[in-house]
Structure formats: C-alpha cells, structure tokens
Amino acid sequence: MDYKRSEKEKEYLIKAIDSSDRQFIIISPDFEVIAANTYTMQLLGTDIIGKHCCEIFYEKSTTCESCPALSVIKTHKPSLRFKKEDVLSDDFRTCRYSYPIMSGENLEAIALFTFNRPTIEEIEEKLKRANAFLRNLILSSVDGVIAADMKGKILIFNDAAVEIGGYTIDEAINTLNIRQIYPGDGARDIMRHLRSDEYGGKGKLKSFRVDVLRKDGQIIPICLNAAIVYEGDKEVATIGFFHDMRDELKIKSDLEKTHVKLLQAEKMSALGKLAAGVAHQLNNPLGGITLFAKIIMEEYELDPLVKSDLERILNEAKKCSDTVKELLEFARQTSNLIRPHDINSAINRTMFLLENQALFQNIKITKHFDDTIPQVYVDIQQMNHVFMNIILNAGQAMDGKGTLTIRTSMSNDKEKVCIEIEDTGPGISEDIAAHIFDPFFTTKEEGKGTGLGLSIVYSIIEDHKGSIAVKSKPGEGATFIIELPISHQGEKGGQTT
Ligand SMILES: Nc1ncnc2c1ncn2[C@@H]1O[C@H](COP(=O)(O)OP(=O)(O)OP(=O)(O)O)[C@@H](O)[C@H]1O
Ligand SMILES: [Mg+2]
C-alpha cells in the first residue's frame, strides 16, 4: 500500500497500542525485543528492549517449543500458540498471538501480543457444568436411556430405564450386560440392524419395535431409537432411547374395542329403524288375514279339510305376528318402565317358566346366587326377555342335556351386578361369536330361529347402560356375562321410553 501516514496518524497509532491493557511486543527474527507497548513495560520493566524474549517471559535462554514466533518464521503466516497440553499446564494464561511484519519477501520482525484466556479452574467449572447439564438431560429423559460399551457393559442407565427394566442403576451398571435386556437373540438382531443401512442409516436405528425383558421376566413392548457411537471409524459404544409402548398399545386396543362397539350400536340403530318400518307395514295386513280367516271359520259351515287349512293360515299368521312383535321390541317401540328389581328373583321367575318345558327336563340347573347384591334399576319385562333368550339358547345349544349354571355377583369395583349364564353345549367358535349379536344371524335350521334373540338382548342391555359378552372355547360350552350398573339413569324414578 502506498499510503503515507501523517505524523499525527502515527502518533495515534502508537497511543492506541500504548493504551491497550494487553502486552504488545515486536521481536526480531532472532527473538530480540525491538519494541514494546507501555503496558508491557510497566509489567516487565523498561530494560526489556534488546533482550531475548524467552529470557523475559520464561527466564530461559532457549526458545520455547511452542513459541508461535517459530511458526511465523517458518511460514510467514500468523500463528496462535495453543497446544492441547497447554490447557493442563500452568503456563497457558498468556497465550501469544503472533504475526509477521514483512518487508517485501523478507520477514522483518514479528509482532506478539497476549490476550487473556480463561483459567484452568474456569474451564474445569464450565466443563463440569456442561457435563452436569448433559447428565441431567439424560437422567430426566422420559424415555429410558441405556448406553453400553461394545462388550455390553452398561455405561448409562437412567431412571426411566430403571422403570422399564426393573433393575436399580447400581445393578445395571455393575452386573447387567446389555444382551440380558433383550429376550433371546434380540441384542444380536439389534446390532445387525444398527450396522445395516436400512433402518435409518448406518449406525442408526429409528423407531424400531422391540421387546425388552424386565428383571421379573415380564416382556415390555418398546419403540427403540438407537445409535452406535464411533471414535473415528471404531465402534466404541451403543446408546438406545427406549420408549415404553404399553400405554399407547392399551389406548389403541381400547379404541379398537370402542370402535367395534360403536359399529355394533350403529348397526343396531339402523336395523332397528328398518325393522320398525317393516313391522308396522306387516301389522295391518296380518290383522286383516287373521280377522277374515276367523270370520270365514265362524260364519260358514265348512268342510273339515277347509277348516284345517284355515286353522293352518291362522297359525302361520300368529307366527308372523309374533315375529312382528319381536321386531317391534327390537326397535324399542314398546315402553320401558325402569324400577328397582331384584335380579335373583327375576332369574328365578324365568327359570320357573322354563323348567317345565320339555327342553329342560334333562338339563341340570345349578344356581350360585349372591344374596347380597343390591336391587338394580331395570325394566323387568325386558330383563325377563334377556334371561329367557339366553337360557333358551343355552338349552337349545345343549340339545336338552347337560348342565346350566347361573351365577350372580357384585363386580370388583362394587358398581355393577354380574350375571353369568354358562352351559355345557358345543360352545361358539370365534367366527360365529363375532356375529351372534347381529340381527337375523342364526345357525339354526330354516324356520327354527329368527336370529333376533341375541340382538334384542344386546340392545336391551345397551339401553340399561350395561354390557354383555360371551366367553367360549369350542367344545367346552359357552358363558354369557352380563353386567348391569347399579346406579342407572332411571334411578331417580324416571320412566324412559
Ligand atoms: N349358548 C350357546 N351356545 C352355542 N351357540 C349359541 C349359544 N347362544 C347363541 N348361540 C349362537 O348364536 C346364534 C344367534 O342366537 P340368537 O339367539 O340371536 O338367534 P337364534 O337362537 O338362532 O334364533 P332365535 O333366538 O330367534 O330363535 C345362534 O344361532 C347360535 O348359533
Ligand atoms: Mg335365540
């Protein structure tokens, strides 16, 4: 640069260097101090000019190994003295930054200045704080964090990992091997996936479903994110973030169950409306058929054969009108009267009617009633219908022989009354069980069953805010379980329709 500084500019440049509270020294390529700012002179004396810099700073006659001026002499480029080991030595506080003062191609002098760097204590403190922060991050993670070396020895095991694995931190760190937390060959599988490119990149595993074996033998479903820790190319450790899937899976399965129930309820309501419409349309012509058949029977002298044909018409019409009644019941067109009733007596009454039927003559009936169950708010007519349908089905399934067991009890939470009706019939296969509450689903021969029995039962129980389920193993009979809430919406003595 050709610019010529004025005397004033030069004066201020010197003043600026002299006002600095950093040491500023210029040395020759022979390490002799050529000039120094005021601060340096105040610190080290005015007689430093002409002396060897090592003598002044380190009371040594030879150049320090890590002297940045050495590098400047060699490279003609600025240099900062900072070696790894300096951090741990006592002699690092005045670090020297050094740059060349060139005269054309030649190095004329070297400028050195110092600037303060944090003390070892400060660095240690910072390191400690950074470490503590990282530790806290890991420890407070809601997901289990487990790190292990390549032999499987546990290095990190946080509180969430304790909860998942059932081991204390001490046990995990001192006695556990990472391979033990996976059932079977799980650990090997995970390493294989980690080393492959296909599961989130080499050395990484993303959202991988695995099972973890708890200390007590329980299997915990886990969503695992894991990585291999490398030093250069060398694998030195693995770290895994374990997300416990139990809650999520439970919510999912509850949702699925609710969805199935909703579908069932929707189906019921749609079919209910349809059935009600059809039933009403059938009711009038059926009334007409019955009425006119009766009139003909009463008003004409009839040939016995014709009379028997008419009787047949009347009987068939009666069957139709019974079915219509069922359909109307199913569509809830009849009025319900909700009152407190004793469920044990209701079952006894139904049994009294059924026990005299031929179907039940060879069936052993066992009752285990809990006398202490409270009264339940129900429409007793409808409840009789429920018990009648289920018990009749049981009798039919057992083909008139076997054992019928009826139990009543309180639910564990004391909020429901449970009724179990068990038979020793052929049971219900899973395929069939999925449909038994569907309207018009029957496995009975044509004309023997309408398939409406259990669908009516289902909608009555729903109306009572209860639940009905079936348990069965094919060949080992079936058990219908009904739960009715003790406190019902009609509890206040209301009437629902
Ligand atoms: N206790 C039981 N054991 C075995 N299968 C049963 C039992 N209860 C019901 N089922 C099965 O469920 C089906 C549906 O029963 P549901 O009561 O709805 O109709 P249904 O008995 O066939 O006809 P309906 O009741 O109209 O006479 C039956 O056809 C039968 O296959
Ligand atoms: Mg039935």
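Preceding block: the structure.
Conventions adopted
Residues numbered from 1 in each chain as written. Chains lettered and ligands numbered in written order. Predicted model: local features only at pLDDT ≥ 70, side-chain atom pairs only at ≥ 80, totals over all residues. Helix = DSSP H or I, 4+ residues; strand = E, 2+ residues; numbered from the N terminus. Buried ≥ 20, exposed ≤ 12 C-beta atoms within 10 Å, placed from the backbone. Contact = placed C-beta atoms within 7 Å. Expected span 1.5 Å × (residues − 1). Near = placed C-beta within 6 Å. Nonpolar A, V, L, I, M, F, W, Y, C, P; charged D, E, K, R; others polar. Pairing = 2+ DSSP bridges. Axes fitted to C-alpha atoms, helices over the stretch in contact; angles between N-to-C directions. Core = buried A, V, L, I, M, F, W, Y, C linked by C-beta atoms within 7 Å.

Participant: What should I look at first to understand the overall build of the protein chain in this one?
Facilitator: For the protein chain, the count of helices and strands is 14 helices and 17 strands. Burial statistics for the protein chain: of 497 residues in total, 22% are counted as buried. Of the contacts made within the protein chain by residues no fewer than 6 positions apart, 55% connect residues no fewer than 24 positions apart.

Participant: Hey, could you run me through helix α1 (residues 7-19) in this one?
Facilitator: Each α-helix winds once per 3.6 residues, and so residues spaced three or four apart point in a common direction. For α1, which comprises 13 residues, the first-to-last C-alpha distance of 18 Å matches the rise-based estimate of 18 Å (1.5 Å per residue) to within 8%. The buried fraction of α1 is low, at 0 of 13 residues.

Participant: Explanation requested: the site of ligand 1 in the structure shown.
Facilitator: Around ligand 1 there are 21 residues in total, and Ala-397, Thr-442, Gly-449, Gly-453 and Leu-454 lie nearest to it. Residue assignment for the shell around ligand 1 shows that the elements contributing at least two residues are α12 (380-397) and α14 (453-463). Tallying contributions element by element places α12 first for the shell around ligand 1, with 4 residues. Each residue belonging to the shell around ligand 1 can be placed in one class, and the counts come to 9 nonpolar, 10 polar and 2 charged.

Participant: Which parts of the structure should I look at to understand α12?
Facilitator: In this model, α12 (18 residues) spans 25 Å end to end at C-alpha, consistent with the 26 Å of a helix rising 1.5 Å per residue. Along α12, the positions that sit buried rather than exposed are Gln-382, Met-383, Val-386, Phe-387, Ile-390, Ile-391, Asn-393, Ala-394 and Gly-395.

Participant: What am I meant to see in the sheet that holds strand β16 (residues 467-472) here?
Facilitator: Backbone hydrogen bonds hold the strands of a sheet together, and the pairing may be parallel or antiparallel. The 5 strands are arranged β12-β14-β15-β17-β16 in an open sheet whose pairing can be described as mixed. With partners counted over all chains shown, the strands left at the sheet margins are β12 (363-368) and β16, one partner each. Within this sheet the neighbouring strands show an average axis-to-axis angle of 15°, counted without direction. Two elements, strand β15 (residues 416-422) and strand β17 (residues 478-485), share 7 bridges in a ladder whose sense is antiparallel. Residue pairing in the sheet places Glu-420 in a bridge with Ile-481 of β17. On the sheet, α12 packs against β12, β14 (402-410), β15 and β17 and is oriented at approximately 20° with respect to β15.

Participant: Whenever I open this one, the sheet that holds strand β9 (residues 219-231) confuses me. Can you help?
Facilitator: Across the sheet, which stays open at both edges, the 5 strands sit in the order β7-β6-β10-β9-β8 with antiparallel pairing between neighbours. The open sheet has two edge strands with one neighbour each: β7 (154-157) and β8 (204-213). Along the sheet, successive strands turn relative to each other by an average axial angle of 25°, direction set aside. Here β8 pairs with β9 via 8 bridges, running antiparallel. When the sheet's bridge partners are listed, Leu-213 is paired in β9 with Ile-219. Across the sheet, helix α8 (residues 186-195) is in contact with β8, β9 and β10 (234-244); its angle to β8 comes to roughly 175°.

Participant: Looking at this model, I keep getting lost on the nonpolar core. Mind explaining?
Facilitator: As a rule of thumb, soluble globular proteins bury nonpolar side chains together. Formed by 35 residues in total, the largest nonpolar core has its most connected members in Val-386, Ile-390, Ile-421 and Val-457. Where this core is concerned, the elements lending two or more residues are α11 (343-355), β13 (376-379), α12, β14, β15, α14 and β17. Counting 23 residues, the second-largest nonpolar core is a separate cluster that includes Ile-178, Ile-181, Ile-222 and Phe-241.

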